[in-house]
Amino acid sequence: MRLGMVVTSWDRPCGVGEYGKALVEALRRQGQPAVALREGPAQAAARARALGLDLVHFQYEYNLYDAGELCAAVAELARSGIPSVVTVHSWVPHATYANDLLRAGVPRFIATLPALRLGMMRYGIDAGRVAVLPIGIPSHPLPPRHQVRAALGLGSEPAVGFFGFVHRHKGIEHLGLAARALRRRHPGLRLCLFASVAPNDGSRRAWAHLREFFDAHGLWEGVSLEGGYLPEEEVVRRLHAMDVNVLPYAELEGVQASAAVRTVLAARRPTVVTDTAHFSDLGQAVCRIADNAPDRIAAAVADLLDSPPKARALVEESVRLAARWSWDRVAAAHLRYYGGLVGHSGGRPAHAGQGVTRLSGAS
């Protein structure tokens, strides 16, 4: 199969770009090379036709490129007999792009969360057009924790970590307040924020607000803020040094999978998350709290610090989930899905029905 993968943010610090690169690399390990198409949709479609590709897979998120351009490119490919599929990384009902995708009748979608698929169905997209394939959980060598803790200047007191791009809904300010409360019992507790700025105005404003909030509330004691964009393996290494990692997101109007939590789970440390759609597919691999109120965050972290068996149980379940959702298994599931789209006559789509696609052994 001659496959093209459209990832317009390939060379930028972007979760969708990292997702696309990880999927392309995992497909290569499965024996299926993919041409990385880094252009906009129209240029990618033209290049796909010139290369004689059999299938084009678009990675789409509303702030990367216009949905109308995507729909036009999908239609142009169809006229050339080239099937396509669009992975949707977030869904906001009634947004302009949602209307465009619905009206244009893009034939096949992949959602990265069951909840995201459900949101699309509620908006009128037929269930048979949307498969569910999760974001893969990476695997990186984990050095002894004491070595990384020493390199980070961490002593014997607890360390709490956060990872991800800075956005207002991520609840970092709430985590800062929770850390201050935790220091009443653990005076030396450290809060390590591995938080970079995404290349958009919303994230830049959120970064400024975060610093202003910590200044205004005197929250910098015991806090380290690393704002650079670190390689994934380095992030995993640092998160592995933490005692507990926390992603205290607020619920959003729409649905968006969290790529950050997959990186956090790769670190094999107990993870606290809020009970939002971002984390709705993670089962017992995480400790859930009702919302990101600082007292709830502090209570959950304190409970894990005080209950080593409970913390170990979370890590063990996260290791099992990482095995089920490794990038190699995710890539293999994509290949099975692609096989239903590409027939044996010049790349024409097969007519098999599409629905929820599950990884073998995944729950």
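Heads up: the structure comes first, above all this text.
Conventions used here
- Within each chain, residues carry numbers counting from 1 in the order of the written sequence.
- Local features are withheld for residues below a pLDDT of 70 in this predicted model, meaning they are given only at 70 or higher, and side-chain atom pairs are given and counted only at 80 or more; totals for whole chains, interfaces and linings count all residues.
- With hydrogens and water set aside, each side-chain value is computed from the structure's full complement of heavy atoms.
- Secondary structure elements follow DSSP: runs of H or I no shorter than four residues count as helices, runs of E no shorter than two count as strands, and numbering proceeds from the N terminus.
- Put simply, the radius of gyration uses C-alpha atoms, and a globule should come to 2.2 Å times the residue count raised to 0.38.
- Buried, partly exposed and exposed residues are distinguished by accessible area as a fraction of the type maximum, computed with a 1.4 Å probe on protein chains only: under 20%, between the cut-offs, and over 50%, respectively.
- What makes two residues a contact is simply this: any of their non-hydrogen atoms within 4.5 Å.
- In this analysis an axis means a line fitted to C-alpha atoms, helices contributing only their contacting stretch, and an angle means the value between N-to-C directions, from 0 to 180 degrees.
- Angles are sorted into four bins: roughly parallel if under 35 degrees, roughly antiparallel if over 145, roughly perpendicular if 65 to 115, and oblique for all others.
- Under the grouping applied here, Gly and all other residues not named as nonpolar or charged are polar, the nonpolar ones being Ala, Val, Leu, Ile, Met, Phe, Trp, Tyr, Cys and Pro and the charged ones Asp, Glu, Lys and Arg.
- Pairing between strands requires that DSSP locate at least two bridges from one strand to the other.
- In this description, a nonpolar core means a group of buried Ala, Val, Leu, Ile, Met, Phe, Trp, Tyr and Cys residues linked to one another through side-chain atoms lying within 4.5 Å.
- Centres within 6.5 Å make a pair out of two Phe, Tyr or Trp rings, where for Trp the six-membered ring is used; the pair is then stacked when the planes are under 30 degrees apart, edge-to-face when over 60, and tilted otherwise.
- Here a polar contact is taken to be a pair of N or O atoms separated by no more than 3.5 Å, where protein atoms must pair a possible hydrogen donor with a possible acceptor and residues adjacent in sequence count only if both atoms sit in side chains.

Peer 1: It is not clear to me how the overall build of the protein should be interpreted in this structure. Could you clarify?
Peer 2: The helix and strand inventory of the protein stands at 13 helices and 14 strands. Over its C-alpha trace the protein gives a radius of gyration of 21 Å, about what one expects of a compact globule, namely 21 Å for 363 residues. Expressed as a percentage of its 363 residues, the buried residues of the protein come to 54%. Counting only contacts in the protein whose residues sit at least 6 apart along the sequence, the fraction spanning at least 24 positions is 74%.

Peer 1: What am I meant to see in the packing of helix α11 (residues 294–306) against helix α12 (residues 308–324) here?
Peer 2: Each pair of packed helices gets described by two things: the angle between the helix axes and the distance between those axes. Closest axis-to-axis distance for the α11/α12 pair is 5 Å, and the angle between their directions is 100°. Viewed along their axes, α11 and α12 adopt a mutual orientation that is roughly perpendicular. For the pair α11 and α12, the contacting residues are Asp 303, Leu 304, Leu 305 and Asp 306 in the first and Pro 308, Lys 310, Ala 311 and Leu 314 in the second. A class-by-class count of the residues in the contact of α11 with α12 yields five nonpolar, no polar and three charged.

Peer 1: Explain the pairing of strand β13 (residues 271–274) here, please?
Peer 2: The side chains of a regular strand alternate, first on one face of the sheet and then on the other. Burial along β13 is two-sided: the face carrying Thr 271 and Val 273 and the face carrying Val 272 and Thr 274 are both buried. Examined bridge by bridge, strand β11 (residues 244–247) and β13 share three bridges and lie parallel to one another. Within β13, the position partnered with Leu 247 by the bridge is Val 273. As defined by bridge partners, β13 adjoins strand β14 (residues 287–289) across three bridges and the pair is classed as parallel. Its bridge partner lying in β14, Val 273 is registered against Arg 288.

Peer 1: Quick question: what am I supposed to make of the nonpolar core here?
Peer 2: Within soluble globular proteins, side chains that are nonpolar generally end up buried alongside one another. Within the largest apolar cluster, 61 residues are counted, with the highest numbers of intra-cluster contacts made by Val 56, Phe 58, Val 86, Leu 101, Phe 109 and Tyr 338. Those residues in contact with Tyr 338 that lie beyond four places of it in its chain are Met 1, Leu 3, Met 5, Leu 23, Leu 27, Leu 55, His 57 and Val 85. Judged by nonpolar contacts, the second largest core, of 59 residues, contains Phe 213, Ala 260, Ile 297 and Ala 298.

Peer 1: Is there a simple way to think about the sheet that holds strand β10 (residues 223–226) in this case?
Peer 2: The strands making up a sheet associate through hydrogen bonds between their backbones, and the pairing can be parallel or antiparallel. Reading across from one edge, β10-β9-β8-β11-β13-β14 is the order of the six strands in this open sheet, with parallel pairing throughout. At either end of the open sheet lies a strand with only one pairing partner, and these are β10 and β14. Averaged over neighbouring strand pairs, the angle between their axes works out to 20° when direction is ignored. Note: strand β9 (residues 190–196) against β10, four bridges, orientation parallel. Across the sheet, residue Phe 194 finds its bridge partner in β10, namely Glu 226. Helix α7 (residues 172–182) contacts β8 (159–165), β9 and β11 of the sheet and is inclined by roughly 170° relative to β9.

Peer 1: Would you mind going over the packing of aromatic side chains with me for this structure?
Peer 2: Each pair of aromatic rings is reported with the distance of its centres and the angle of its planes. Applying the stated rule across the entire model yields five aromatic pairs. Each ring, one from Tyr 19 and one from Trp 327, has its centre 5.4 Å from the other, and the planes form 70°; the classification is edge-to-face. With a gap of 308 residues between them, Tyr 19 in helix α1 (residues 15–29) and Trp 327 in helix α13 (residues 327–339) connect regions that are remote in the sequence. Trp 327 carries the same exposure label as Tyr 19, and that label is buried. Seen in terms of ring centroids, Tyr 60 and Tyr 65 are 5.3 Å apart; in terms of plane orientation they differ by 65°. Their pairing is edge-to-face. Under the relative-accessibility criterion, Tyr 60 is labelled buried at 1%.

Peer 1: So what exactly am I meant to see when it comes to the environment of Asp 281 here?
Peer 2: Counting through the fold element by element, Asp 281 comes out in the loop between β13 and β14. For the pair Asp 281 and Pro 114, spaced 167 residues apart in sequence, the C-alpha separation works out to 7.2 Å. Setting aside residues no more than four positions away along its own chain, Asp 281 makes contact with Thr 112, Leu 113, Pro 114, Arg 262 and Trp 325. Among the polar contacts made by the side chain of Asp 281, one reaches the side chain of Arg 262 at a distance of 2.8 Å.

Peer 1: Looking at this structure, how should I read unusual backbone geometry?
Peer 2: One can expect most non-glycine residues to show negative phi and most peptide bonds to be in trans. Within the chain, Arg 268 stands out as a residue other than glycine whose phi angle is a positive 55°. For Arg 268, the position within the fold is in the loop between α10 (259–266) and β13.

Peer 1: Would you mind going over the sheet that holds strand β4 (residues 84–88) with me for this structure?
Peer 2: Ordered by their spatial adjacency, six strands build an open sheet running β2-β1-β3-β4-β6-β7, and the pairing between neighbours is parallel. Strand pairing shows two members of the sheet lacking a second neighbour, β2 (34–37) and β7 (130–132), which therefore form its edges. Strand-to-strand twist of the sheet, defined as the mean angle between neighbouring strand axes without regard to direction, takes the value 25°. Direction of pairing for β4 relative to strand β6 (residues 109–111): parallel, over a ladder of three bridges. Each residue of the ladder has a partner; that of Thr 87, found in β6, is Ile 110.

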